[in-house]
Amino acid sequence: MLEPEHTTTALQQKKTQSSNLTPMRVLIMTDMEGVSGIVVWNQVNGGDPMYEECRRLYTEEINAAVRGAKRAGATEVVVVDCHGAGGGWTFNSLVPELLHPDCEWVAHHPWSRYTDMFETGCDACLLVGMHARAATPDGVLCHTISTTSWRHLRFNGVYVGEVGINAALCGHYGVPCILVTGDDATCRESRQLLGDGLTTVAVKKGLTRYSARQIPPVRAREMIEAGAYESLQNLSRVKPYDPGKPCEITIEIGTVDHALQFKGKPGVETTDPLTVVSRAGDWMTAWNQIWSWSI
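Residues numbered from 1 in each chain as written. Predicted model: local features only at pLDDT ≥ 70, side-chain atom pairs only at ≥ 80, totals over all residues. Heavy atoms only, no water.

Participant: Looking at this model, I keep getting lost on the packing of aromatic side chains. Mind explaining?
Facilitator: Both the distance between ring centres and the angle between the ring planes are used here to describe each pair of aromatic rings. Overall, the coordinates contain 9 aromatic pairs when judged by the stated rule. Geometrically, the ring pair formed by Trp-150 and Trp-287 is edge-to-face, given 6.5 Å between the ring centres and 70° between the ring planes. Placement of the pair is Trp-150 in strand β5 (residues 150–155) and Trp-287 in helix α7 (residues 283–290), with a sequence separation of 137 residues. In terms of burial, Trp-150 and Trp-287 fall into one category: buried. A centroid spacing of 5.6 Å and a plane angle of 15° characterise the contact between Trp-283 and Trp-287, whose relative ring orientation is stacked. Here Trp-283 pairs with Trp-287, and both are found in helix α7, just 4 residues apart, close to one helical turn. Take Trp-283: its relative accessible area is 4%, and that puts it in the buried class. On the basis of relative accessible area, Trp-287 is assigned to the buried category, the value being 1%. For Arg-71, the ring lying beneath its charged end belongs to Tyr-229, and the centroid distance is 4.2 Å. (Phe/Tyr/Trp six-rings, centres within 6.5 Å; stacked < 30°, edge-to-face > 60°. Helix = DSSP H or I, 4+ residues; strand = E, 2+ residues; numbered from the N terminus. Buried < 20%, exposed > 50% of the residue type's maximum accessible area, 1.4 Å probe, protein only. Lys NZ or Arg CZ within 6 Å of the ring centre and 35° of its normal.)

Structural data, given as structure tokens:
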């Protein structure tokens, strides 16, 4: 029998193993509309009876990505809830007691404003539960930022959705988005924007904006875990996304009254009653000129 000073607890073993790993810090940015089983707004709006079931589906798909990242060697995983469910549920839809114990998560922080991990060192970003940009015929619950006030968004003439915004935020800090999960339309859109090196996992195929042929959640989670693991095998397959310098961001808005929020902002011009343009030397500056949303 070993003397007490020579014994090693399971926790000590885990710490020793972790210390021998090359640090790999992974950020997971999440949304709800692209989760398997979700097809209507009732399922993603906080307080609706259907929402409670679906926030559990949401949390479990995130757990699958965490498992894949950890299996691939991630030493730190941080999850950011990016789903605006309304009220106190906005960016606060995850079920804490169900979350994988090997991650930490950011709740109720303004969307596209969490940058701490980028500033301290992040190796890759995984996008889980994403949806297609506005006006995508086979995009389940498709929209860009808002279902009513924003119709289209372009970065230097290229139509983008929320995947593009997330990728540009990551790219500003030199971080590649290497995985996207959601419906088939979202995966297609993401590959067109970020390249064929991107790993995508389609958990459903949109038939209309509010219907889909879906993969059962248990199998969808297995696919997401495998996709997360695979995506982290070679981080150089996807380059950090940069819309270009200088950068022109164009927003086609829904109605003329929506233009009032942009009136008088430096670097921002209303080129016609339903078009707002922000120009700057780089994407982040142009984005900051139009995006000041906070909780």
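Participant: How do you make sense of the pattern of salt bridges when you look at a structure like this?
Facilitator: Working definition: two side chains of opposite charge can pair if their charged atoms are close together. If you walk through the whole model with that rule in mind, you get 12 salt bridges. Across the pair Asp-242 and Lys-245 runs a salt bridge whose closest N-O atoms are separated by 2.6 Å. The exposure class of Asp-242 is partly exposed, given its relative accessible area of 41%. For Glu-269, the salt bridge identified is with Arg-279, shortest N-O distance 2.9 Å. Highlighted residues: Glu-269 in strand β11 (residues 268–272) and Arg-279 in strand β12 (residues 275–280), separated in sequence by 10 residues. Here Glu-269 falls in the partly exposed class, since its relative accessible area comes to 39%. Each of Glu-52, Arg-55 and Arg-56 takes part in a single network of salt bridges with overlapping partners. (Salt bridge = Lys/Arg side-chain N within 4 Å of Asp/Glu carboxyl O.)

Participant: Just checking my understanding: could you explain the side chain of Ser-112 for this structure?
Facilitator: Topologically, Ser-112 is positioned in the loop between β3 (104–106) and α3 (116–120). Within the structure, the side chain of Ser-112 is placed 3.4 Å from the side chain of Trp-287, a separation counted as a polar contact. (Polar contact = N/O pair within 3.5 Å; in protein donor to acceptor, adjacent residues only side chain to side chain.)

Participant: Is there a simple way to think about the packing of helix α2 (residues 49–71) against helix α6 (residues 217–231) in this case?
Facilitator: Look at α2 against α6: their axes get within 7 Å of each other, and the N-to-C directions meet at 35°. Read as a crossing pair, α2 and α6 show a hand that is right-handed. Along its contact with α2, which presents Leu-57, Glu-60, Glu-61, Ala-64, Ala-65, Arg-67, Gly-68, Ala-69 and Arg-71, the element α6 presents Pro-217, Ala-220, Arg-221, Ile-224, Glu-225, Ala-226, Ala-228 and Tyr-229. Considered class by class, the residues forming the contact of α2 with α6 number 10 nonpolar, 1 polar and 6 charged. (Axes fitted to C-alpha atoms, helices over the stretch in contact; angles between N-to-C directions. Left-handed = near helix turned anticlockwise from the far one by under 90°. Contact = heavy atoms within 4.5 Å. Nonpolar A, V, L, I, M, F, W, Y, C, P; charged D, E, K, R; others polar.)

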